[in-house]
Each structure stands twice: as structure tokens, then as C-alpha cells.
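Chain and residue survey
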Amino acid sequence: MEPFQLEKAENGVWYFSIPEFEKYGNVKTFFTTRIGGVSEGDFTSLNFGGYTSDKPERVQENRRRVYEANGISEGMTEGFVRQVHGDHVCCIQSEDILQEDTFTINNADGITTNLENMLLMTLHADCLPIYFLDTRKKVIAVTHAGWRGTSKYIGPKTMLKMNREFGSEPEDIIAAIGPGISFCCFEVGPEVYEEFKNVFHLIDECSYKKENGKYMLDLKKINEIQLKEAGASKVLVSNYCTKCNDELFFSHRRDNGHTGRMGAGIILTK
Ligand SMILES: [Zn+2]
């Protein structure tokens, strides 16, 4: 069963929610599609990404629509990370930050908090979003996992950060791996396979070699195994491939880099 549910908001925005997360009450989740925004050309139409050549006022309007559709516009702070395919997870603890409307933390690929009204955001165009919820302590996180971040175990490192900062125990954490480039489409060079071979013992169950010498890699499965081995109580995995579904998603690979971004957001509402 697909854990990400497509929502079609009254204002025209289409996005996915994670019902398994939202059933815990004051948790809201979304993963945006490309439908229902005001951007044009390569960014048609719901581009969430600020670090593109899209017009900033259009990106801002797209974001406003998504927040409106989710009922989270009032008094919330949006926190982005400037992703670098690394393994740093930052933590938002100080209530002071809730005075800001928006901020970006440099050189981080994951972000966690236990504050209410603090929207955590990562941006995607093939790389996987991973959502986390400590259902007991109400701690949330979202992480950007491409192959580089995955080879550095960014998923388990996010759980470790939740544990160190907030005392989250793995058995209280549920995780959800969202839409992203899937086994059907993710071809990589032998150097990527070798990188995983060095650090991940089950790589041969998550890849196969093609006749052209390249490999198909199941990035979702690798992350799922890593999170389960780290002790997460449940790991949901979306079946949606961003490269296969051009009506719903931007895709860096399919669009040769000239494309928009989907936003992965999670927030504890008041
Ligand atoms: Zn695909």
C-alpha cells in the first residue's frame, strides 16, 4: 500500500501527506508536486526551490499556496537547510528562532526540532526525502538523502541527532521515505557501487550490474534497511518514482538539471 496520499486542495495545489504520521495529532506533513503553482517554463508550476533561476516572487507565492492548503500559514516559522549532500543534521531548539518568519541553515542535509509552529523543510528533485517522528516525545525531523548522503548514513545519523538532543529512542521513531528516483530509473557508475560496497554490507541485494558496466541502485531500499538496522519502529516507503512521473514531479535527471524542486515539510502544529 502507498503510504503517501495525494491531496488536491481547494486552492489548486496538489501535494502528498503521510496519514500514518498525521494520525498522531498535531503533526502535519507534505511533499509537494509540480501542480497548482504560478511558475513557468522549466519550473511549471509549483516550484518550491529558491536556489533556481525561477523568479523569487513566484516561488514565494507557490510556498504560500502550499502553506494555505495545509492550514499552517498563521504564526509559523519556516526553516530550510542549504543542502550539500553531506551528513550534518542541524537542530532547532531555541524558542527565539520562532520570532523569524524564515531562515536557512548552511551546510546541512537534515533538520530536527521539538518546537511547535516550526516548519522543517528540505528540497528535492530526485533525491529522497526522509521524514521522522518520535511519536512519544513529539520530536520531528526531515532529511535529504541522495546517494552521497545515503553512503554516509544520513538517515541513521538523523535518528542519532534526535536521540542526543531530545532523548528520542529508536523504538519510538517512525520514518517515511518519500517519492524520489527509484530502482527503475537510478543508474549509477561503478564508482558509486564501489563506494557502497565499502560501507554497506547488503549492497548486492539493492543493486545489479548492467551489460554496459553501470549499475541500477535501489536507493530507497538501502535507506529502508539502514533505518531498520538503526532500530526505527516502522519505515514507510513511497512507491512513486520522480523520474517516471513527469506530470507530478520535477526530476533533475529527466530534465537535465533545468528543473524545479519539490518541498518536503513537517511541522508540529499548536
Ligand atoms: Zn522510475
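Our structure's up above, just so we're on the same page.
Residues numbered from 1 in each chain as written. Predicted model: local features only at pLDDT ≥ 70, side-chain atom pairs only at ≥ 80, totals over all residues. Heavy atoms only, no water.

**Considerations on the overall build of the protein chain**
- In terms of regular secondary structure, the protein chain is built from 6 helices and 16 strands.
- For the protein chain, the C-alpha radius of gyration of 17 Å lies close to 18 Å, the compact-globule estimate for 270 residues.
- Counting only C-alpha atoms, the protein chain reaches 55 × 45 × 35 Å along its principal axes.
- Burial statistics for the protein chain: of 270 residues in total, 54% are counted as buried.
- Total accessible area computed for the protein chain in this model is approximately 11,600 Å², and 44% of it derives from carbon and sulfur atoms.
- When the 31 basic and 39 acidic side-chain charges of the protein chain are each reduced to a single mean position, those positions are 3 Å apart. (Helix = DSSP H or I, 4+ residues; strand = E, 2+ residues; numbered from the N terminus. Rg over C-alpha atoms; globule rule 2.2 N^0.38 Å. Buried < 20%, exposed > 50% of the residue type's maximum accessible area, 1.4 Å probe, protein only. Areas by Shrake-Rupley, 256 points an atom, 1.4 Å probe, with all protein chains shown as cover. Lys, Arg positive; Asp, Glu negative; His and termini not counted. Charge placed at Lys NZ, Arg CZ, Asp CG, Glu CD.)

**Re the coordination of the zinc ion**
- The coordination sphere of the zinc ion, as far as protein atoms go, consists of Cys184 (SG), Cys185 (SG), Cys241 (SG) and Cys244 (SG), spread over 2.2 to 2.3 Å.
- Each of the 4 donor atoms bound to the zinc ion contributes to angles spanning 102 to 115°, and the resulting shape is tetrahedral.
- On the basis of relative accessible area, Cys241 is assigned to the buried category, the value being 4%. (Donors = N, O, S within 2.8 Å, 3.2 Å for Na, K, Ca; no water. Tetrahedral: all angles 85-135°; square planar, octahedral: opposite > 155°, others 65-115°.)

**Considering unusual backbone geometry**
- Between Thr44 and the following residue, Ser45, the backbone shows a cis peptide bond with an omega angle of -15°.
- Residue position: Ser45 is located in the loop between strand S3 (27–32) and helix H2 (56–70).
- Its identity as a non-glycine residue notwithstanding, Asp126 has a phi of 125°, on the positive side.
- Summarising the element assignment, Asp126 is placed in the loop between strand S8 (118–124) and strand S9 (128–134).

**Considering the sheet that holds strand S6 (residues 102–106)**
- The 7 strands are arranged S1-S2-S3-S16-S8-S4-S6 in an open sheet whose pairing can be described as mixed. For this open sheet the edge positions go to strand S1 (5–8) and S6, each flanked by a neighbour on one side alone. Neighbouring strand axes in the sheet, compared pairwise and without regard to direction, differ in orientation by 25° on average.
- Where H2 meets the sheet, its contacts fall on strand S2 (14–17), S3, strand S4 (77–82) and S8, and the angle it forms with S3 comes to roughly 140°. (Pairing = 2+ DSSP bridges. Axes fitted to C-alpha atoms, helices over the stretch in contact; angles between N-to-C directions. Contact = heavy atoms within 4.5 Å.)

**Focus: helix H4 (residues 154–166)**
- For H4, built from 13 residues, the straight-helix expectation of 18 Å at 1.5 Å per residue is met to within 8% by its first-to-last C-alpha distance of 18 Å.
- Listing the buried residues of H4 in full gives Ile154, Gly155, Pro156, Thr158, Met159, Met162 and Phe166. (Expected span 1.5 Å × (residues − 1).)

**A look at the side chain of Gln226**
- Residue position: Gln226 is located in helix H6 (residues 219–229).
- Residue classification places Gln226 among the buried positions, given a relative accessible area of 2%.
- Residue contacts for Gln226: discarding those within four places in its chain leaves Thr150, Tyr153, Pro156 and Phe200.

By themselves, these figures tell us nothing about what the structure is for.
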